[in-house]
Amino acid sequence: MKIVYRIKSNEHGVILLKRRKIAKAFRWWLRENGFSYDSCIFFD
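Below: a short report on this structure. (Residues numbered from 1 in each chain as written. Predicted model: local features only at pLDDT ≥ 70, side-chain atom pairs only at ≥ 80, totals over all residues. Heavy atoms only, no water.)

## Points about the overall build of the protein
Helix and strand counts for the protein come out as one helix and three strands. Along the protein, helices (α) and strands (β) appear in the sequence β-β-α-β when read from the amino end. Along the first, second and third principal axes, the C-alpha atoms of the protein reach 35 × 20 × 10 Å. Restricting the contact set of the protein to residue pairs at least 6 apart, pairs at least 24 apart contribute 46%. For the protein, the accessible area works out to roughly 3700 Å², and carbon and sulfur atoms hold 53% of it. Charged side chains in the protein number 10 positive and 4 negative. The centres of these two groups are separated by 9 Å. (Helix = DSSP H or I, 4+ residues; strand = E, 2+ residues; numbered from the N terminus. Contact = heavy atoms within 4.5 Å. Areas by Shrake-Rupley, 256 points an atom, 1.4 Å probe, with all protein chains shown as cover. Lys, Arg positive; Asp, Glu negative; His and termini not counted. Charge placed at Lys NZ, Arg CZ, Asp CG, Glu CD.)

See the structure below:
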């Protein structure tokens, strides 16, 4: 069972990431640049 991070924003659509550090960095980048986003974690 693997963890998948889903990040959804209006500008970038839905992004599925398998790496925690990349998902964390992408969320940080969105926040720093003023984009709104919604994220969740699910198991694959």
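Now, onward.
## What to know about helix 1 (residues 20-32)
When the terminal C-alpha atoms of helix 1 are compared, their 18 Å separation across 13 residues agrees well with the 18 Å that a helix rising 1.5 Å per residue should span. Residues Ala23, Phe26 and Leu30 constitute the buried set of helix 1. Mapping the buried residues of helix 1 onto a view down its axis gives an arc of 65 degrees, with all of them on the same face. Exposed residues lying more than 90 degrees from the buried face of helix 1 are Arg20, Lys21 and Glu32. (Expected span 1.5 Å × (residues − 1). Buried < 20%, exposed > 50% of the residue type's maximum accessible area, 1.4 Å probe, protein only. Arc of directions from axis to C-beta.)

## So, the pattern of salt bridges
Throughout the structure, instances matching the rule amount to one salt bridge. Note that arginine 6 is salt-bridged to aspartate 38, the shortest N-O span being 3.9 Å. Highlighted residues: arginine 6 in strand 1 (residues 3-9) and aspartate 38 in strand 3 (residues 37-43), separated in sequence by 32 residues. Of the residues examined, aspartate 38 reaches a relative accessible area of 41% and is grouped as partly exposed. (Salt bridge = Lys/Arg side-chain N within 4 Å of Asp/Glu carboxyl O.)

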